[in-house]
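Descriptive structure summary
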Amino acid sequence: MIQTTDTAKFSTTDLNRFAEELNRDGICVIRGLFDRRLIEEWGDAFNELFQKRQNQPGGLAPREQARFYLTFPWVAPFANVDVFANPVILGILNRVFYQEYKMVQLGADIPVQGSDYQEIHRDFRPLFSDQIVTPLYALAVNFPLVEVTADNGPFQMARGTHVLPREEGLVKVAAGEIPMESFYMQPGDVMIRSPLALHRGSPNRTNTPRPMVVMGYVMHWLHTAKVDLTVQRDYYESLPEQVRELLRCHVVEQLPENKVETYVNFKY
């Protein structure tokens, strides 16, 4: 069993700082959270899955030119409590979510060679009017399965735009008042971000896919029709009750053989 993370590296002070950055900037980056061997294991399994899904009708959701999204099956190595219920990640979520929350998504965003800049967008609509600033109610936890460099399509985001009206944020970004920042990451690094912050994918100019895992967590009352978790009953029942309560999932006797992706519309 691979030791996935060294939680001793992160103190209460660290977790408080990450939560403060998340509330203020709409993003925080936790360097070296996961063991690189875990990332290599996920990377090998991803490569096999991506190859299979490319040859399967509906196996990948389009994300503009040469860019795709896929949902991970809840099997090893992806179904890993030490990853989706990681104590450092949950320690941060516990500090920024004011009620119970649920995990609702496990997938990957994958730009390949030929991809371009995405249109700047949000992943969620605001709860009400975007003139009304609300506490964080949905978060994406991302980690790459390869090193993220300037050449292979780094995620780009404008800090602090999660608390601005969308049009105001776009004007400030266009004027250069708020930079569209690239986030370079090493295998093992983890990023937690608000899907309301203005962001985009950038071009992957290499001949190797750049998979970025996305785990989605939302307040327990938020309806998430576009994403879902499907978990096999024997695995689900093997989990501690507290972990089962974290998951919003369909429990089935047998996982479906072929997954058809439905998360196609993703921009606001």
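For the structure itself, look to the data block above.
Rules and cut-offs
All residue numbers refer to position in the chain's written sequence, counted from 1. Under the rules for a predicted model, residues below a pLDDT of 70 receive no local features and side-chain atom pairs below 80 are neither given nor counted, while totals for whole chains, interfaces and linings still include all residues. To obtain the side-chain values, all non-hydrogen atoms of the structure were included, while hydrogens and water were left out. Throughout this description, buried means an accessible area under 20% of the type-specific maximum (1.4 Å probe, protein chains only), exposed means over 50%, and partly exposed covers the range between. Strands here mean DSSP runs of E at least two residues long; helices mean DSSP runs of H or I at least four residues long; both are numbered from the N terminus. Strands qualify as paired when DSSP identifies two bridges or more between them. The contact criterion used is simple: two residues touch if any of their non-hydrogen atoms lie within 4.5 Å. Angles here are taken between N-to-C directions and fall from 0 to 180 degrees, while the axes themselves are lines fitted to C-alpha atoms, restricted in helices to the stretch in contact. Residues enter a nonpolar core if they are buried and are Ala, Val, Leu, Ile, Met, Phe, Trp, Tyr or Cys, with the set joined through side-chain atoms within 4.5 Å.

**Observations concerning the pairing of strand 5 (residues 138-144)**
For strand 5, a buried count of 7 out of 7 residues is recorded, marking the element as mostly surrounded by other parts of the structure. Residues of strand 5 alternate between two faces, with A138, A140, N142 and P144 on one and L139, V141 and F143 on the opposite face, all of them buried. In this structure, strand 5 lies alongside strand 10 (residues 212-219), joined through 7 bridges in antiparallel fashion. Bridged to P144 within strand 10 is M212. Note that strand 5 and strand 8 (residues 190-193) share 3 bridges and pair antiparallel.

**Digging into the sheet that holds strand 4 (residues 101-111)**
Backbone-to-backbone hydrogen bonds join strands into a sheet, with any given pair of strands oriented parallel or antiparallel. Within the open sheet, the 7 strands sit side by side as 1-8-5-10-4-3-2. Their pairing is antiparallel. The open sheet terminates on both sides in strands that have one partner only, identified here as strand 1 (27-30) and strand 2 (61-62). Lying on the sheet, helix 2 (residues 36-54) is in contact with strand 3 (67-71), strand 4, strand 5 and strand 10; it crosses strand 3 at an angle near 105 degrees. Across the sheet, helix 4 (residues 87-96) lies against strand 1, strand 4, strand 5, strand 8 and strand 10, angled at about 15 degrees from strand 8, the strand it touches most.

**Focus on unusual backbone geometry**
Of note, the bond from A76 into P77 is cis; its omega dihedral lies within 30 degrees of zero at 0 degrees. Relative to the helices and strands, P77 resides in the loop between strand 3 and helix 3 (81-84). Even without glycine at this site, E64 takes up a positive phi of about 70 degrees. For E64, a relative accessible area of 32% puts it in the partly exposed group. A positive phi angle, close to 55 degrees, is found at A66, a residue other than glycine.

**Thoughts on the nonpolar core**
Counting residues in hydrophobic clusters, the biggest one holds 70 residues, and the most contacted among them are F84 and M215. Apart from residues lying up to four places away in sequence, F84 is in contact with W74, A79, L90, M103, M215, Y217, Y235, V243, L246 and L247. With 10 residues, the next largest nonpolar core counts F155, M157, M185 and M191 among its residues.

**Here's the deal with the sheet that holds strand 9 (residues 199-200)**
Taken in spatial order, the 3 strands of this open sheet run 7-6-9, and their pairing is antiparallel. In the strand order of this sheet, the two ends are held by strand 7 (181-183) and strand 9, each with one partner. The sheet contact formed by strand 6 (residues 155-157) and strand 7 spans 3 bridges and is antiparallel. Across the sheet, residue Q156 finds its bridge partner in strand 7, namely S182.

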